[in-house]
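# Understanding the architecture of this molecule
Spelled out from the first residue to the last, the chains are:
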Amino acid sequence: LRHGAAKGTMPTVNVLRDKLFELLEVEEKFDSDKLQDEWFENLCFEFGIELDDVTSEKEMKEKQMGEASGEGLSEDVIYKIEVPANRYDLLCLEGIVSSLRIFLGKDLKPEFTVNTPQPSDIIEITVKKETQQIRPFVVCAVLRNVTFDQMRYKSFIDLQDKLHTNICRQRTLVAIGTHDLDTLKPPFTYEALPPKDIKFKPLNEEKEFTGETLFPYYETKENCKLKPFLKIIDKSPVYPVIYDSSRVVCSLPPIINGDHSKIRLDTKNVFIECTATDHTKANIVLNTVVAMFSRYCSEPFSVESVRVTYEEGGARPETPAALYPQMGSVKFETEAKYINSRIGIDIKAEDMAKLLTRMSLPAKGAVPPHHPPLRSRGWLLVVARGDRNSRDS
C-alpha cells in the first residue's frame, strides 16, 4: 500500500495514523509499521472501507511537485481511507473513529439531544418568498459551547468541503454556511435580492463588494477555488443572501460566507445554515455536520434547534418542520427470514441484530433496526418491505 494502490473513485479521507490509533485506543502492540498498517487494513476490510494508501504530507507533496518540494514538510504517517459514496458520516476523522469504535465494541451509538429554547429565546430565520426564484430552502442549527483546536477546526472545514463535493453536488443542491454566532444578532432572514443591492466583505477579503462586482473579481482572481461555483447563480436576476437583524451579511450562498462571522479557533457558539434546492439532502447535510461536531460541545452530542418560518406566497418543502435539526431515529421492523432470503445467507435474528448494532444500526430481537439521524435510509427501506405475514425469527 505504501507505494501505490490504484486510485479509487470513492471519497478519500486523510487521517494521521497516530491520532487515529490514539482515538481508537488500540491496545495491540506492533513490531513494525508494516504490521500496524496490515492490522488496520484488515479492520477496514471487515468494516467495509478500504485503506487506499499509506503516505505522509512530505511524500504527497514530492509526488505532486518533485523531491525538493517536500523539504520541511511533516513525515508523520497519513492513512488515505476510501469510504462508500453514500456514507456521509465517514467523511471526517470524527465519523471514522466513532463508527470503528462502535464496530470494535468500545462504544455504543451516541444519543443526540435536541435542546429547544423557550419561544422568546429561540433563534429564528424567516425565508422570504423571493428565494423561490433561486434557492428556496434552508435548515439551521446551533452548536453551543464548542471547543475547537487546530485539528478539530481543520476537520470541521474539510468535512464541509467533502460534503460540498459529494451529496451537495458541487453546491448545486446544498451549500453549507457556518458562523460565529456571537458576532451576529438574530433573528435572521433568508432573502433573494438583485446583485447590486447586496454589499459585504467576503470571507478573507480586505474590502467590500456588491454582488455585481464580486463575481468579476473572482473570475479574474488567480487560483480562485470559488470560480467553478459562480455559474450556479450568475445568470439569475437575484442572488440568495442571509442577513442578521442588523443587516450584516452572513453568507451569499452557494458562493461565500461573510468575513464578519467567520469561525475562529476561539469560537464557542456556531450557527449552521444549509441553503438548498433539495430539502431532503439539506436535512442530511445538516444532521451530518451536527452529528460529527456536537461531540465537542460542553454537553456532548447536544444541539440547539432553530425555527424556520416560510413567508406566505413562497416555496415550501413537501414536509416542512418548524424546528431544525430533525435528529430523531426512525424504527423499521422486518424479519430475519426475509433478509436471509434476499441476501442469500442464514443468520439467526439475534445474531443479525448484533451485527446491525456493530454497524451503528441498533437492533434487538426479531430485527427492528433503528435508523440513526446521520445515516441515509436507502437500504433499510428495502429491508422494511419484507413479508410481514411471516413471523420466523
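Residues numbered from 1 in each chain as written. Predicted model: local features only at pLDDT ≥ 70, side-chain atom pairs only at ≥ 80, totals over all residues. Heavy atoms only, no water.

## Thoughts on the sheet that holds strand 1 (residues 12-16)
Under the convention used in this document: Strand pairing requires that DSSP identify at least two bridges connecting the strands. A run of H or I in DSSP becomes a helix once it reaches four residues, and a run of E becomes a strand once it reaches two; helices and strands are each numbered from the N terminus. Interaxial angles span 0 to 180 degrees and are taken between N-to-C directions of axes, which are lines fitted to C-alpha atoms, for helices over the stretch in contact.
One open sheet holds the three strands; their spatial order is 1-3-2, and the pairing between them is antiparallel. The two strands at the open ends of the sheet, each matched to only one other strand, are strand 1 and strand 2 (50-56). Within this sheet the neighbouring strands show an average axis-to-axis angle of 25°, counted without direction. Direction of pairing for strand 2 relative to strand 3 (residues 77-82): antiparallel, over a ladder of six bridges. Residue pairing in the sheet places Ser 56 in a bridge with Val 77 of strand 3.

## Observations concerning the pairing of strand 7 (residues 174-180)
Applicable threshold: Note on classification: 1.4 Å probe, protein chains only; a residue is buried when its accessible area is under 20% of the maximum for its type, exposed when over 50%, partly exposed between these limits.
Where burial is concerned, most of strand 7 is hidden: seven out of the seven residues are buried. Relative to strand 14 (residues 270-276), strand 7 is paired through seven bridges, and the arrangement is antiparallel. Residue pairing across strands places Thr 178 opposite Ile 272, the latter belonging to strand 14.

## A few points about the packing of helix 2 (residues 33-47) against helix 4 (residues 93-103)
Note the following rule: When describing relative orientation, an angle under 35 degrees is termed roughly parallel and one over 145 degrees roughly antiparallel, while 65 to 115 degrees is termed roughly perpendicular and anything else oblique. Throughout, a residue-residue contact means that at least one pair of heavy atoms, one from each residue, lies within 4.5 Å.
Relative to each other, helix 2 and helix 4 sit at 80°, their axes nearing to 11 Å. One element, helix 2, and the other, helix 4, form an angle in the roughly perpendicular class. Each of Phe 40, Leu 43, Glu 46 and Phe 47 in helix 2 lies in contact with helix 4, whose residues at this interface are Ser 99, Leu 100 and Phe 103.

## Let's talk about the nonpolar core
Note the following rule: For our purposes a nonpolar core is just a set of buried Ala, Val, Leu, Ile, Met, Phe, Trp, Tyr and Cys residues, chained together by side-chain atoms within 4.5 Å.
Counting residues in hydrophobic clusters, the biggest one holds 76 residues, and the most contacted among them are Leu 20, Phe 40, Tyr 79, Ile 81 and Leu 163. Tallying contributions element by element places helix 7 (residues 279-293) first for this core, with eight residues. Look past the residues within four positions of Leu 20 in its chain and what remains in contact with it is Val 15, Phe 40, Tyr 79, Ile 81, Leu 93, Ile 96 and Val 97. Counting residues in each nonpolar core, the second largest holds 22 residues, with Ile 198, Cys 224, Ile 233 and Val 249 among its members.

## A look at the packing of helix 1 (residues 17-24) against helix 4
What counts here: By definition, any crossing whose near helix is turned counterclockwise from its far helix by less than a right angle is left-handed, and any crossing with a clockwise turn is right-handed. For this classification, Asp, Glu, Lys and Arg are treated as charged, while Ala, Val, Leu, Ile, Met, Phe, Trp, Tyr, Cys and Pro are nonpolar and the rest, including Gly, are polar.
The contact between helix 1 and helix 4 brings their axes to 10 Å, and the two run at 40°. Compared by their axis directions, helix 1 and helix 4 come out oblique. Crossing of helix 1 over helix 4 shows right-handed handedness. For the pair helix 1 and helix 4, the contacting residues are Lys 19, Leu 20, Leu 23 and Leu 24 in the first and Leu 93, Ile 96, Val 97, Leu 100 and Arg 101 in the second. Class assignment for the residues of the contact of helix 1 with helix 4 results in seven nonpolar, no polar and two charged.

## Describing helix 7
To be explicit about the condition: A helix is expected to span 1.5 Å multiplied by its residue count minus one. N or O atoms closer than or at 3.5 Å make up a polar contact, with two conditions inside protein: a donor-capable atom paired with an acceptor-capable one, and, for residues adjacent in sequence, both atoms drawn from side chains.
The terminal C-alpha atoms of helix 7, which comprises 15 residues, lie 22 Å apart, in line with the 21 Å expected from a rise of 1.5 Å per residue. Within helix 7, 12 of the 15 residues are buried, which leaves the element mostly enclosed by the surrounding structure. Every buried residue of helix 7 is listed here: His 279, Ala 282, Asn 283, Val 285, Leu 286, Asn 287, Thr 288, Val 289, Val 290, Ala 291, Met 292 and Phe 293. By the N-cap criterion, in which a side-chain oxygen at the helix start approaches the backbone nitrogen of a residue two or three places on, helix 7 is capped by Asp 278, the distance to Thr 280 being 3.1 Å.

## Details of the pairing of strand 6 (residues 137-143)
Of all seven residues in strand 6, seven are buried, a share of seventy percent or more. Burial along strand 6 is two-sided: Phe 137, Val 139, Ala 141 and Leu 143 facing one way and Val 138, Cys 140 and Val 142 facing the other are all buried. Strand direction decides the pairing type here: strand 6 and strand 14, joined by seven bridges, are antiparallel. Its bridge partner lying in strand 14, Leu 143 is registered against Val 270. In terms of strand pairing, strand 6 meets strand 15 (residues 302-310) through two bridges, oriented antiparallel.

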